[in-house]
Amino acid sequence: MSDSQAIAQGTHPEGSGAHVEHPPYLRHHFNSVEQQADTAGFAMWLFLLTEVMFFGGLFTAYLIYRNWYYASFVAASHQLSIVLGTCNTVVLIFSSFTMAMGVWCAETRRKKGLVVSLLLTIALGLVFLGIKTVEYREKYEKHHIPGDHYSLQSFINPASDKEASEAGDKPLALDAAQHTELYFSLYFAMTGMHALHMIIGIGILVFMVIRAQAGAYTSGHVTFVENFGLYWHFVDIVWIYLFALLYLISRHA
Amino acid sequence: MSDTIVELPDQATARIPKVNYITKENGLLSWLLTGDHKRIAILYLISITFFFFVGGALAGLIRLELLTPQSDLMASDTYNKVFTMHGVVMVFLFLVPSVPATLGNFFIPMMIGAKDLALPRINLLSWYLYVVGGILVLITMVTGGVDTGWTFTTPLSIHYVNTNVLTTGLAIFVAGFSSIFTGLNFIVTTHKMRAPGMTWFRLPLFVWANYAASILMVLGTPVLAITIVLVALERTIGIGVFDPTKGGDPLLFQHLFWFYSHPAVYIMILPGMGVISEVISTFSRKRVFGYTAVAFSSVAIAVFGFFVWAHHMFIMGVSNYAVLVFSLLTMLVAVPSAIKIFNWAFTLYKGSITFETPMLYAFGFMGLFTIGGLTGVFLGATGTDIHLTETYFIVAHFHFVMVGGMLMAFLAGIHFWWPKMTGRMYPEKVSQLAAVVTFIGFNFTFFPQFILGILGMPRRYAAYPAEFQILNVFSTAGATILGVGYMLPILYLIWSLKYGAIAGDNPWQATGLEWQCQSPPLTENFTVQPIMDHEAYDYEWLEGQKQKEEEVASVG
Amino acid sequence: MSEHKEHEHHIVSPKVYVMILLALLVGTAATVGASFVDMGPWNPVINLAIATTKATLVVLFFMHVKYGTKLTKLTVVAGIFTFLCLVAMTLADYSSRAWGQW
């Protein structure tokens, strides 16, 4: 019944738009490789939109409380090491570069180059996480993790604290000192969520290295690498903003 | 009713096509691991119906409790849990996925002339996430429920209750990702998978409506996700931004929560409006009046829907200036919805109207959604809202738009597309009776609640002053009738699977590419990719097709 | 229906990537340096401006949006717009609370 209708409509039984190439990775519901790649890229961008809104809630909370409790946020931000933060920023920027180079290698069919780029990206990602662990450990030791063991000492009595006295902080009143816990809540929520995304990214990178070594991405089918690159760059962009907002509130006297 | 446009094939010789998406492969795994959007739609239909009846049972318990002014059927705490779970189940496990995940999944690819959605495996993942979310909700119910209200207002939900906030939060988080992936899939599909000739303005309005709802799903739901994460962090390890004792603002939770939950109501209603466009056109034999206006109004509702969330927070402590701005914007968001109602009315004008069951539900939708929507405008005016918020007026308002609106649209869609999905017709008289019973029951249940709200009865109370009892008894009586109205479709639809008349390809003589295939459709939908060479709702084209077929049949 | 797929055919050269990398490193140095200088209310403005410039470079060149389709560009704008909507309208409430009654 439907075939006769198709004939009546004047379409060819062979199908509209002959398939010039039909590689094994072309899935049955797509007409062409271009359509499939296009679709996958667009889908990835939409997924990144959801990530923007996901982090967006955290950034909204941050902007509100920084506005309300500026002095507390400045004092709390002095507890973060600007050296380690800058290091991490540079590390992630380089990892974005190596990832972009990886995509280029896949596009130009350089298998060895792709594998090296991916391995470098993994290494840089691990360096980032390592530095983060050092920072988190420091917070733990100084009782700056929000919750039952949070300590206000560094803010009520800056002289007792290395970072606070180096920054030349004045002692905060009790309620302002209490508001520093809000800063750290946001610090851990935001950098923790970011780190979780990095861990997932590194996991996928490991998978990709194995597949890349097998030649999966250097025979014309670069979609996976390209789209993962989008994800990795997004994670870098989140860090660019996290670094600016959390570490660099005010470092001048 | 007098006329009918139903044209069925000769029942003596008609058969369900032997090869279709149901018979293509057998075995449970072929369903559980399918990539076929139609099978996934059926999987969703079964699970959504199950959760609808769970939520309905909870509603029954609510109405039973409210028969008497005292909190005598259950303790107040239990009542809190019952209405909370009713809200959670109905909103997240029924209303949000209902039309998109069942009818949208089934028909969007067919309507645009594609073989499947753009991302079939993500589609299956969506269903599994929905099921996991649903199971978590059931676990929550079994392990004692949660009693904060479906809105989880802080600081109650964080510091003052000891119930299953975390499990429910996790359930909603997971179900939220089901919704995100469905919306993502629809947006990608609509942009990238349209057949040749299928331009944006030739798309059925059902596709436009689901597209607009999908934008909301993709952009709004993640904010709910992060809000749940923040509540969970604060409840468990004390990393929190909503705690007033630490300088946090509990109102921030509400801002973030309603930033999703207001667009959520448009996620729920827009696909239903898409169904109504299809049904009203088909049963008045006329193209939808003002196609462009209806299409753009869907997108306008989606965009404006992002700007009005704080109208749920007028009495909560937001600044007066914010209240003013949000109230004004709320007035604006009603305009595109009204445009749709006007356009449907003008579609009916001078159309050849028949009263098959989908059309009865569509008429019910138009009346009840209009009432519900108008009361929404009343509530958007701050002065009125201050008096009516947290009363039964609100409850009546959202049940009119959601049950009188959305649920009726869902039933209209199920009845409209049942012949296409199953190849069978349901019994017309029983289904029309069910539609009328539902309409009567609905009005008896929820109209008294408007009056109760104006009189001052608060919502979420198990015990109420005795002077409100008579209206509550009316409401419960109506709920009983409504329950019958919802049970009937289950019975006759299942009956029709075996004993219903064979429907043929196009029993309603509808336009739309999905009606040009066999019923039930093939797995790949079309044997040849269709080329769209006519406008949407082109009944002259359909006439031409019929004539061509008769020529072909009589020549051969 | 099939759109002109520019980015499939346009392969961004490593030279561009190196230039962007250097620009990002310069931006990082600038923003760290600027945070040590007291510019009053301009500090956060400069801070965010540099961060946004860096982010824009990543989006345009590393993520190939400059060479992408109009749809890709529209998608990016839509995401940013919705995020700004959330931030701006929420902040509008918080900042106007202190204005008092009317």
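The rules behind the values
- Residues numbered from 1 in each chain as written.
- Chains lettered and ligands numbered in written order.
- Predicted model: local features only at pLDDT ≥ 70, side-chain atom pairs only at ≥ 80, totals over all residues.
- Heavy atoms only, no water.
- Helix = DSSP H or I, 4+ residues; strand = E, 2+ residues; numbered from the N terminus.
- Contact = heavy atoms within 4.5 Å.
- Salt bridge = Lys/Arg side-chain N within 4 Å of Asp/Glu carboxyl O.
- Buried < 20%, exposed > 50% of the residue type's maximum accessible area, 1.4 Å probe, protein only.
- pLDDT = per-residue confidence, 0-100.
- Buried area = accessible area lost by both parts, 1.4 Å probe.
- Polar contact = N/O pair within 3.5 Å; in protein donor to acceptor, adjacent residues only side chain to side chain.
- Nonpolar A, V, L, I, M, F, W, Y, C, P; charged D, E, K, R; others polar.

### Details of the environment of B:Pro97
Residues and elements named next belong to chain B.
- Residue placement: Pro 97 occurs in the loop between helix 3 (76–95) and helix 4 (98–112).
- Separated by 158 residues in sequence, Pro 97 and His 255 have C-alpha atoms that sit 24 Å apart.
- Apart from the residues within four sequence positions on either side, Pro 97 is in contact with Ile 48, Val 91, Phe 92, Thr 102 and Tyr 130.

### Observations concerning the pattern of salt bridges
- Evaluated as defined, the whole model comprises 13 salt bridges over all chains.
- Among the salt bridges present, the one from A:Lys142 reaches A:Glu163, with a minimum N-O distance of 2.5 Å. Remark: A:Glu163 occurs in helix 7 (residues 162–167) and A:Lys142 occurs in the loop between helix 5 (111–141) and helix 6 (153–156); sequence separation between them is 21 residues.
- Taking the relative accessible area as the measure of exposure, A:Glu163 reaches 14% and is therefore buried.
- Notably, a salt bridge pairs C:Arg97 with C:Asp93, separated by 2.9 Å at the nearest N-O pair.
- Residue classification places C:Asp93 among the buried residues on the basis of a relative accessible area of 0%.

### Brief notes about the confidence of the model for chain A
- Across chain A, the average pLDDT comes to 90, with 91% of residues at 70 or higher.
- Low confidence marks residues 1–19 of chain A, where pLDDT is under 50. Its contacts with residues over four positions away, or in another chain, come to 20 contacts.

### Some words on the interface of chain C and chain B
- With 18 residues of chain C at the contact, the number on the chain B side is 23 residues.
- Of the roughly 1900 Å² buried between chain C and chain B, counting both surfaces, carbon and sulfur atoms make up 68%.
- Across the chain C-chain B interface, the total number found is 1 salt bridge.
- The partner of B:Asp249 in a salt bridge is C:Arg97, and the shortest N-O contact between them spans 3.1 Å.
- At the boundary of chain C with chain B, the tally comes to 6 residue pairs in polar contact (both at pLDDT 80 or more).
- Tallied by class, residues from the side of chain C that touches chain B come to 10 nonpolar, 5 polar and 3 charged.

### Regarding the environment of A:Tyr136
Residues and elements named next belong to chain A.
- Relative to the assigned elements, Tyr 136 resides in helix 5.
- Take Tyr 136: its relative accessible area is 23%, and that puts it in the partly exposed class.
- In sequence terms Tyr 136 and Ser 154 are 18 residues apart; their C-alpha atoms lie 16 Å from each other.

### Some points on unusual backbone geometry
All names here are of chain B.
- Going from Thr 154 to Pro 155, the amide bond is cis rather than trans, its omega being -5°.
- Within the secondary structure, Pro 155 sits in the loop between helix 5 (120–142) and helix 6 (156–160).
- The omega torsion of the bond from Ser 519 to Pro 520 falls at -10°, within 30 degrees of zero and hence cis.
- Its location among the elements puts Pro 520 in the loop between helix 16 (469–499) and helix 17 (539–555).
- The phi dihedral of Gln 509 falls on the positive side, at around 55°, and the residue is not glycine.
- Positionally, Gln 509 belongs in the loop between helix 16 and helix 17.
- A relative accessible area of 11% places Gln 509 in the buried class.
- In this structure, Asn 525 is a non-glycine residue whose phi angle is positive, near 70°.

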